[in-house]
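Observations on the three-dimensional arrangement
So the chains spell out like this:
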Amino acid sequence: MYAIVQLRGEVNVSEDVVDTLEMLNLHHVNHATLVPATDTYQGMITKVHDVVAHGEPSEDVVATLLRSRGEPAEGEAEVDDEWVAEHTDYDDVDALAAALVDEETTLQDEGLSPVLRLHPPRGGHEGIKQPTATGGQLGVHSTEQIDELLTAMR
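Rules and cut-offs
- Residues numbered from 1 in each chain as written.
- Predicted model: local features only at pLDDT ≥ 70, side-chain atom pairs only at ≥ 80, totals over all residues.
- Heavy atoms only, no water.
- Helix = DSSP H or I, 4+ residues; strand = E, 2+ residues; numbered from the N terminus.
- Rg over C-alpha atoms; globule rule 2.2 N^0.38 Å.
- Core = buried A, V, L, I, M, F, W, Y, C linked by side-chain atoms within 4.5 Å.
- Buried < 20%, exposed > 50% of the residue type's maximum accessible area, 1.4 Å probe, protein only.
- Contact = heavy atoms within 4.5 Å.
- Axes fitted to C-alpha atoms, helices over the stretch in contact; angles between N-to-C directions.
- Parallel < 35°, antiparallel > 145°, perpendicular 65-115°, else oblique.
- Left-handed = near helix turned anticlockwise from the far one by under 90°.
- Salt bridge = Lys/Arg side-chain N within 4 Å of Asp/Glu carboxyl O.
- Lys, Arg positive; Asp, Glu negative; His and termini not counted.
- Arc of directions from axis to C-beta.
- Pairing = 2+ DSSP bridges.

Looking now at the overall build of the protein chain. A count of helices and strands for the protein chain gives six helices and five strands. What you see in the protein chain, going N to C, is helices and strands ordered as β-α-β-α-β-α-α-α-β-β-α. Relative to its length of 154 residues, the protein chain is compact, with a C-alpha radius of gyration of 15 Å against a globular reference of 15 Å. Its C-alpha atoms give the protein chain principal-axis dimensions of about 45 × 30 × 30 Å.

Attention now moves to the nonpolar core. Membership of the largest hydrophobic core comes to 30 residues, with the highest contact counts inside it found for Leu-34, Leu-66, Leu-100, Leu-118 and Leu-150. Secondary-structure elements contributing two or more residues to this core are strand E1 (2-6), strand E2 (31-35), helix H3 (59-69), helix H4 (81-87), helix H5 (93-101) and helix H6 (143-153). For Leu-118, the residues in contact, after removing those within four places along its chain, are Val-5, Asn-30, Ala-32, Leu-65, Arg-69, Leu-150 and Met-153. Listed in part, the 12 residues of the second largest apolar core include Leu-21, Leu-26, Met-44 and Val-52.

The next thing to look at is the packing of H3 against H6. Contact geometry for H3 and H6: axes closest at 10 Å, N-to-C directions at 20°. Put simply, H3 runs roughly parallel to H6. Considering the relative orientation of H3 and H6, their crossing is left-handed. Within the contact between the two elements, H3 uses Val-61, Leu-65 and Arg-69 and H6 uses Asp-147, Leu-150, Thr-151 and Met-153.

What follows is about the pattern of salt bridges. Overall, the coordinates contain three salt bridges when judged by the stated rule. Asp-94 serves as the salt-bridge partner of Arg-67, at 3.4 Å between the closest nitrogen and oxygen. Taken together, the residues Arg-67 in helix H3 and Asp-94 in helix H5 connect sequence positions 27 residues apart. The exposure class assigned to Arg-67 is partly exposed, which follows from its relative accessible area of 35%. Its relative accessible area of 40% is what places Asp-94 among the partly exposed residues. In this structure, Arg-117 engages Glu-71 in a salt bridge whose closest nitrogen and oxygen atoms are separated by 2.5 Å.

Turning our attention to the side chain of Asp-147. Looking at where Asp-147 falls in the secondary structure, it is placed in helix H6. This buried residue, Asp-147, is left without a salt bridge; Arg-154 holds the nearest opposite charge, at 12 Å. Each residue touching Asp-147, except ones within four places of it in the same chain, is listed here: Pro-57, Ser-58 and Val-61.

All buried positions along H6 are accounted for by Ile-146, Asp-147, Leu-149, Leu-150 and Met-153. All buried residues of H6 fall inside an arc of 165° around its axis, so they share one side. Residues of H6 that are exposed and angled more than 90 degrees away from the buried face: Glu-144 and Glu-148. Buried residues belonging to H6 abut E1, strand E3 (52-55) and H3.

Here Val-35 shows up in strand E2. Discounting residues that sit within four places of it in the chain, Val-35 has contacts with Met-1, Tyr-2, Ile-4, Leu-24 and Tyr-41.

Further remarks concern the sheet that holds E1. With mixed pairing, five strands are arranged side by side in an open sheet as E4-E2-E1-E3-E5. Two strands bound the open sheet, and with one partner strand each, they are strand E4 (116-117) and strand E5 (139-140). In this structure, E1 lies alongside E3, joined through four bridges in antiparallel fashion. Its bridge partner lying in E3, Ala-3 is registered against Gly-55.

These results come straight from atomic positions and should not be treated as a statement about function.
Structure follows, in structure tokens:
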């Protein structure tokens, strides 16, 4: 599973990239989504790599994101262990996060919004004009790097 975070806006970006961001449910800067690691999504990530950061997050970070930024698709409720036990097939947020990382289910399948609206990173970005290879934050991240970014933005 990949976590994808939109770090740059859509100004001066080709229409194909904007359409792909919409297909990924990334409509604003600092929004994130969790998608399965399939060839289709890999192609979409390749197309938008200049405006997003992506990587494979750990279960702990996904659970933290769901608790702090997860939202039901309908209604206004806090996503906690009680909500997950009542509305999904899982007992708690940690079990749901493990299933998401193992690609057994998706946020939409469990009645959650596919978009995680994140806070700008505490401490600022390391650079949103450069790829990770040259010291920036755009493009592919290791598990540790994407966990650090998502934790700063939770």
